[in-house]
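Inside the fold
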Amino acid sequence: MIKYILIFILVFFLSYVKLNQNNFNEDTLYLGTSLPKTGIMKAMGHNVYVGANAYFNYANEVGLLPDGKNIKLLWYDDKYEPELTKENLIKLVEQNRLFALFGLVGTPTVKNILPELTKLEIPFIAPFTGASFLRNEKLSTFINFRSSYQEEIDKLVNYLNEKKGIEKFAVFYQNDTFGEEGYVSLIKSLRKKNLSIQGEGMYKRNTLSIRHAFLEIKSHNPEAIIMIGAYEANTHFIKKAKEDPSFKNVIFCNISFGDANEMVNELGEDTSNIIFSQVVPAYYDNTIRIVAEYRNIMKKYFPNEPLGFISLESFLAAKTTVEAIRSIEGNITQKKFLEAIKNLPNDTLQGIEIEYKNKQLLNKVYLYEYENKNFKEIEYD
């Protein structure tokens, strides 16, 4: 009964929102998001929040937005559980006149609210997922910031096969749409090399139940394992594998959603044979102007927060959002904003090129190893 009441409420407010998509003349533009504040994924949700808010706070303080407007990011906790994401969407729409949704975390969470998002007809900006279904041209109000999972996995497979001569790939993945996205992407990448998956194992989302997956993968003696999981599960798997002599020379490959910083914090000293793919450059590289800006602004607004890839990505996405709003002439509307963000100059992020194509702004993947307490980029194009 409660479920049907929630659906009715959401339908009602979706209709309300569509009727009010006109000028946004208020002093505050509200962005809404649903993130894991608690639970096994809380660190990632927190890093997304502080990275975005660092730039939004800066923009508000120095008056970057026209007519003295401010941006406020509203967020609710979904624990990385899709049903809670749907409840949070209702709260956001019910209680606020949202200008846009920004930075939602996770493929399964976003997939669960996709029907409602298409009805909302408001900008849906920079979700933290590289899912292929978000690159559908019919989703006219969706703007992805990051490169896709397919691009990340393609680069990992190409590097390992062409530079390391690896042909036996296994996959460790989450048993939901996130894991399925990575699994299918890996099949596509391997087919280009006339290869196939040699061993696979899955685990349940928001758990560390990896034993069965571990044994399944071990039985196939892979040379590399592509990991499509959350950072806690990936780390748990790697720790267990490093205690087993049969995994001595196996390379563990983590895509960006795995949160490299949290993983190395938990892994401790032994980070050998691990590769991390990322969609942004190194967060410590002050030679890149926008990265230096990120470091300075984070230090000012969140001085006690560690820097990392996730908060940098969120910071950059926030900056493109602000720059798009700044470029709007006349009254601010959601339609103008969507056009503006698609047509931002390539050098908007000083030192990181952007170009809106394939429904995303970033179009590069980086590979890193972690040694001597630092991420070291693997040079490979």
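Here the structure is shown first, and the text comes after it.
All of these numbers come straight from a predicted model, not from anything done at the bench. (Residues numbered from 1 in each chain as written. Predicted model: local features only at pLDDT ≥ 70, side-chain atom pairs only at ≥ 80, totals over all residues. Heavy atoms only, no water.)

**Here's the deal with unusual backbone geometry**
Residue asparagine 206 is not a glycine yet carries a positive backbone phi of 65°. Summarising the element assignment, asparagine 206 is placed in the loop between β7 (197–203) and α8 (211–218). Even without being a glycine, asparagine 372 presents a positive backbone phi close to 55°. Relative to the helices and strands, asparagine 372 resides in the loop between β11 (366–371) and β12 (374–377). With relative accessibility at 72%, the residue asparagine 372 sits in the exposed group. (Helix = DSSP H or I, 4+ residues; strand = E, 2+ residues; numbered from the N terminus. Buried < 20%, exposed > 50% of the residue type's maximum accessible area, 1.4 Å probe, protein only.)

**Points about the packing of aromatic side chains**
To describe a pair of aromatic rings, you give the distance between the ring centres and the angle between the ring planes. Scanning the model with the defined rule gives 27 aromatic pairs in all. Ring centres of phenylalanine 56 and phenylalanine 102 lie 5.6 Å apart, and the angle between their planes is 65°; on these two criteria the pair is classed as edge-to-face. Residue phenylalanine 56 is found in helix α2 (residues 42–62), and its partner phenylalanine 102 is found in strand β3 (residues 98–102); the two are separated by 46 residues along the sequence. Each member of the pair, phenylalanine 56 together with phenylalanine 102, is buried. Centre to centre, the rings of phenylalanine 309 and phenylalanine 375 are 5.1 Å apart; their planes meet at 80°, and the pair counts as edge-to-face. Within this pair, whereas phenylalanine 309 is found in helix α12 (residues 309–326), its partner phenylalanine 375 is found in strand β12, the two being separated by 66 residues in sequence. Accessibility expressed as a relative area gives 1% for phenylalanine 309, which makes it buried. (Phe/Tyr/Trp six-rings, centres within 6.5 Å; stacked < 30°, edge-to-face > 60°.)

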